[in-house]
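Overview (structure and organization)
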Amino acid sequence: MSRRPGPRHLTAARLAPRRLSLADTLRVGSVGLRTRPARVLLSALGIAIGIAAMVAVVAVSASSQAAFNAQLASVGTNMLTVTPGRDFTGEPAPLPRNAAEMVRHIAPVENAAATGSLKDAKVYRNDHIPKAASRGIGVLAAGLGLPRTVGLHMAAGAWLNGAQGRYPAVVLGTTAAENLGITTPGAQIWLGERWFTVTGILKKAPLAPELDSAALIGWDAAKTYLGFDGRPTMIYTRTADSKVDQVRGVLAATVNPEAPNEVTVSRPSDALTAKQAANQAFTSLLVGIGAIALLVGGVGVANTMVIAVLERRGEIGLRRALGATRGQIRTQFLTESVMLSALGGIGGAALGAGASAGYALSQNWQVVVPPWALGVGVGATMAIGALAGLWPAVRAARLAPRAALSGP
């Protein structure tokens, strides 16, 4: 026969604290946020700035990397260049006149083209420009196969053909054309004390930036009109992708068998890769700065929560007097801190993603915002919010009802 519960058991059952549901916890935790919007906004702003900086830096870096990969895929990594080195006296060692032809005999070499510098030739818009105002435009004799080898594309007009390569015709690099104020073919420029007709304008050459600020004329025309000696100063080669390292090892000896140490061989794509690596290192620095800003925001959250506990002693005492446990008080303030940080994290992630997308579009890049950056950013803010609010929450939970109601 079962015993009926006595009055003592019924009283204990009535006084047992009820557990708060998740909805009740969120509602109670948001009270402080809803009653002090200005303070909440300023505290969340500190978190938002740190997260926005981190997300924006990571997203811009990802967009830049995507653009770099696309650029590298379009220009290729199988181009090698040959330039004169130094002899034993330290003087420039000129390349043989038939160097480009010798390079073409290497089996894996698909294309080879040369340019030769004419240092004494100057370029002006007309013959009335002072000689000192050449704007740094160099003159290069160029082989007809240069566009195919380097991967050049025309912005306007056409490249030199066999006939034009023997007469006063010139193709301008993109920077040279801008400096001369020429946007369409057909104009005439004063080059080497005579008139040359512009037949085309090049687009930017990522692997050969020296061509951007050059005026390129035919090899034969350079000999006929400007006294070119026929010695190349730069040889560009395209090689089978799988044979690049092998060809690189024999280029110097092929170009100058008697003195291969006087020949310099390089791979332009290596410079692009090194530049991108430097950008990645700078990106890491910016991410670190964003992390510092995030920690500063966390300190702001902790300060806000400490002040909230001091201001709301009466509320804490009343809730304790009505039966709220220390755990419920602790959970309330900890939830408030996490919600405050999450508010700043979500706003900062959205702000950083928007800023990075705008910058990427302005640079004509593909917009890449890594989802992990958004998730890590918001998660980090919530973790910092939990850590920042832990001590104030514990302090609030330790307040006795009588001490809290009596005021500070």
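Residues numbered from 1 in each chain as written. Predicted model: local features only at pLDDT ≥ 70, side-chain atom pairs only at ≥ 80, totals over all residues. Heavy atoms only, no water.

Per the stated rule, a full pass over the model turns up four aromatic pairs. Both rings, one in Trp-190 and one in Trp-195, keep their centres 5.1 Å apart while their planes meet at 70 degrees; by these two values the pair is edge-to-face. Here Trp-190 falls in the buried class, since its relative accessible area comes to 16%. Between the aromatic rings of Phe-196 and Tyr-225, the centroid separation amounts to 6.4 Å while the plane-to-plane angle is 80 degrees, which identifies the pairing as edge-to-face. (Phe/Tyr/Trp six-rings, centres within 6.5 Å; stacked < 30°, edge-to-face > 60°. Buried < 20%, exposed > 50% of the residue type's maximum accessible area, 1.4 Å probe, protein only.)

Computed from the structure, the second largest pocket encloses a volume of approximately 520 Å³. Together, 24 residues line the second largest pocket, and Ser-117, Leu-118, Lys-119, Asp-229 and Thr-233 are the ones closest to its centre. Across the lining of the second largest pocket, the residue classes tally to eleven nonpolar, five polar and eight charged. (1 Å grid on protein atoms, 1.4 Å probe; cavity = no way out; pocket = protein on both sides within 12 Å on 5 of 7 lines; lining within 4 Å. Points joined across faces, edges and corners; volume = space filled by probe spheres on them. Nonpolar A, V, L, I, M, F, W, Y, C, P; charged D, E, K, R; others polar.)

Once that is clear, we can look at the pattern of salt bridges. Considering all chains together, one arrives at two salt bridges under this definition. The residue Arg-104 makes a salt bridge to Glu-101 at a minimum N-O spacing of 3.0 Å. Here Arg-104 pairs with Glu-101, and both are found in helix H5 (residues 99-104), just three residues apart, close to one helical turn. Of the residues examined, Glu-101 reaches a relative accessible area of 42% and is grouped as partly exposed. The partner of Lys-131 in a salt bridge is Glu-193, and the shortest N-O contact between them spans 3.0 Å. Taken as a pair, Lys-131 in the loop between strand E3 (123-124) and strand E4 (138-142) and Glu-193 in the loop between strand E7 (188-191) and strand E8 (194-202) lie far apart in primary sequence, 62 residues in all. (Salt bridge = Lys/Arg side-chain N within 4 Å of Asp/Glu carboxyl O. Helix = DSSP H or I, 4+ residues; strand = E, 2+ residues; numbered from the N terminus.)

Helix H12 (residues 326-362) packs onto helix H11 (residues 313-321) with a crossing angle of 145 degrees between their chain directions and a minimal axis gap of 10 Å. H11 and H12 meet at a crossing whose hand is right-handed. Here Glu-315, Ile-316, Arg-319 and Arg-320 of H11 lie close against H12, whose contacting residues are Arg-326, Gln-328, Ile-329, Gln-332 and Phe-333. (Axes fitted to C-alpha atoms, helices over the stretch in contact; angles between N-to-C directions. Left-handed = near helix turned anticlockwise from the far one by under 90°. Contact = heavy atoms within 4.5 Å.)

Moving on: the packing of H12 against helix H13 (residues 371-398). It is the contact of H12 with H13, at a shortest axis distance of 7 Å, that shows an interaxial angle of 155 degrees. Taken as axis vectors, H12 and H13 run roughly antiparallel relative to one another. Note on packing geometry: the crossing formed by H12 with H13 is right-handed. Its residues placed into classes, the contact of H12 with H13 shows 18 nonpolar, six polar and three charged. (Parallel < 35°, antiparallel > 145°, perpendicular 65-115°, else oblique.)

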